[in-house]
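Residues per chain are reported as follows:
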Amino acid sequence: MLDKRDHNRKGDWQELRERLHRAIPGGAHTYSRGDDQFPALAPPLLERGKGAYVWDSHDRKYLDYGMALRAVTIGYADDRVNAAAIRQIENGVNLTRASRIELEAAELICDTVRTAEMVKFGKNGSNVTTAAVKIARAHTGRRFVCIPRQHPFFSFDDWFIGTTTIKRGVDERQSSSTLVFDYNDIGSLEALFAEHRGEIAAVMMEPATHIVPCGGCEHVADWPGTPCGNCPNHQGNFLHQVRKLTERAGTLLIFDEMITGFRWHLQGAQHFFGVEPDLSTFGKAMANGFSLAAVCGRREIMEVGAIDKPGMERTFLLSTTHGSEMPALGAFVEATRITAEEDVPGHLWTYGKKLRETMEGMAGEHGLSDHFIMEGPAIALNYVTRGTDGQPCMAMRTLFAQEMLKRGVMMPWITFSQAHGDTELDATAEALDGALAVYARALVDGPAEYLDGDAIKPVFRTHN
Ligand SMILES: Cc1ncc(COP(=O)(O)O)c(C=O)c1O
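Residues numbered from 1 in each chain as written. Predicted model: local features only at pLDDT ≥ 70, side-chain atom pairs only at ≥ 80, totals over all residues. Heavy atoms only, no water.

Pairing is mixed in the open sheet, where 7 strands are placed in the order β4-β10-β9-β8-β7-β5-β6. Both edges of this open sheet fall to β4 (118–122) and β6 (178–181), since each of them pairs with a single strand only. Pairs of neighbouring strands in the sheet enclose a mean axial angle of 20°, with direction left out of account. Here 3 bridges tie strand β8 (residues 252–256) to strand β9 (residues 279–282), and the two strands are oriented parallel to one another. What sits directly across from I254, in β9, is L279. (Pairing = 2+ DSSP bridges. Helix = DSSP H or I, 4+ residues; strand = E, 2+ residues; numbered from the N terminus. Axes fitted to C-alpha atoms, helices over the stretch in contact; angles between N-to-C directions.)

Written out as structure tokens, the structure reads:
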């Protein structure tokens, strides 16, 4: 069990924090990794990860539920994936023409994801979602793109960031063609289509998050028990409604499967829900943490980027030096083999179900069923922390994360991997027991009594 004195004994964490902020605006390369997203006593940096665990600069080990912002599905530093990447390092890292592994990886994604007939690789999710928007505009000759308000992130580019509260530095001309609707409310999307008839190039959305497209249908909660495609209610669900609307309007449907891809199902959430998008984007879990992202989809659409169509007007599609970097592509091929052969998604669903039962059970034991709430299907769990007034409370969320950290569990949000098993579930239960006991006391005394620093803040806010 950690306490603040323990952390400060060497007096080095504050110094590390200052060095990080002196060298890097924001102190990290993703805002979700920033100090304002973690309790004050979280380690400012991590030294390494293996399996389900990470280690801080005092060599203290934490069970991790952050999993590199959901990029790691098999486990940190998996020997098999690493060996595949190392083979490609030895083959030269990146060559002067397309490489063999590039062809193999492209064919693999086309063989794996049914709607992928062609693919273009990139290094970051933001690049491929932006590319998908461009492909849709090039293919349809239309301007507008619709995204759901409930989905927190598609790209660091202005077409998306301009729709958030953080407008500084954004060219608002870029985001003026991005329209916002409400997920699970087909009427809100129909209204945009009516207002901009014949002008909407694409609808982009995550197929599902912790919010699923099936309304009150509970069948999705614990797959592999009852896959959505077998559910009697699934044909009418929101994704099918959007598919029909977009088809009628000649608009492309883009599924951003950055988080759901290779996690909900080997073939993506699109397969899970039985809905076929025109384009999809993948990243994160593709290569077990290696930097790789992809936009893929129907041939006739993807071909806007082709150079073997004589006389066709050209579209400057993703063209990057490092999109073909071989270690990440080698890692992807091996990670996909493991995901398929060892049914990693099946493991994740099963672990998620047990974890939800554990967390809900422990909340109940501490009398917190109304204040510490689990939501989402087993594969996409979210914990909601409510204060005494019943409203979501960031101070209580921070306190929970702090108390879990003190007990060796890093749970800024909930993501798990193939490396999370029964040992990890037991360790989580033990940490929960202690953390929720403090949580219950803080509901009575107020969280300030127990918090070691500031509360976590939302990433999307106008000022620091
Ligand atoms: C749904 C979704 N799309 C796109 C992105 C952007 O991916 P990247 O951070 O690799 O640029 C993210 C990242 O969090 C995401 O969650």
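Residues in close proximity to the ligand include N124, G125, S126, F153, F154, E206, D256, M258, I259 and K284, which together make up its full environment. A distance of 2.6 Å separates a nitrogen atom of the ligand from a polar atom in the side chain of D256. In the complex, the protein chains occlude 81% of the 390 Å² of accessible area that the ligand would expose alone. Residue classes in the shell around the ligand are distributed as 4 nonpolar, 3 polar and 3 charged. (Near = heavy atom within 4 Å. Polar contact = N/O pair within 3.5 Å; in protein donor to acceptor, adjacent residues only side chain to side chain. Areas by Shrake-Rupley, 256 points an atom, 1.4 Å probe, with all protein chains shown as cover. Nonpolar A, V, L, I, M, F, W, Y, C, P; charged D, E, K, R; others polar.)

One pass over the structure, following the stated rule, counts 19 aromatic pairs. The interplanar angle of 65° and the centroid separation of 5.0 Å between the aromatic rings of Y183 and F238 together place this pair among those described as edge-to-face. Placement of the pair is Y183 in the loop between β6 and α9 (186–195) and F238 in helix α10 (residues 238–249), with a sequence separation of 55 residues. A relative accessible area of 2% means that F238 is categorised as buried. With centroids separated by 5.4 Å and ring planes inclined at 85°, the aromatic side chains of W264 and W349 adopt a geometry described as edge-to-face. Of this pair, W264 sits in the loop between β8 and α11 (268–273) while W349 is found in helix α14 (residues 344–365), placing the two residues 85 residues apart along the sequence. Relative accessible area serves as the criterion here: at 2%, W264 is assigned to the buried category. Relative accessible area serves as the criterion here: at 1%, W349 is assigned to the buried category. (Phe/Tyr/Trp six-rings, centres within 6.5 Å; stacked < 30°, edge-to-face > 60°. Buried < 20%, exposed > 50% of the residue type's maximum accessible area, 1.4 Å probe, protein only.)

Moving on, we come to the pairing of strand β1 (residues 46–50). Sheet topology places β1 next to strand β2 (residues 53–56); 4 bridges connect them, and they run antiparallel. Across the sheet, G49 pairs through a bridge with V54, a residue of β2. A loop of 2 residues connects β1 with β2, the two strands running antiparallel in sequence, and G51 in this loop sits at a positive phi of about 60°.

Turning our attention to the nonpolar core. By size, the foremost hydrophobic cluster in this structure holds 99 residues, and its most contacted members are L189, W264, F273, M286, F372, F400 and I414. Considering each element in turn, this core owes the most residues, 10 residues, to helix α16 (residues 422–445). Both domains that furnish three or more residues to this core are identified here as domain 1 (4–64 + 344–449) and domain 2 (79–341). Residue contacts for L189: discarding those within four places in its chain leaves C146, F181, V203, V242 and L245. (Core = buried A, V, L, I, M, F, W, Y, C linked by side-chain atoms within 4.5 Å. Domains from an automatic or database assignment. Contact = heavy atoms within 4.5 Å.)

None of this, on its own, says anything about what the molecule does.
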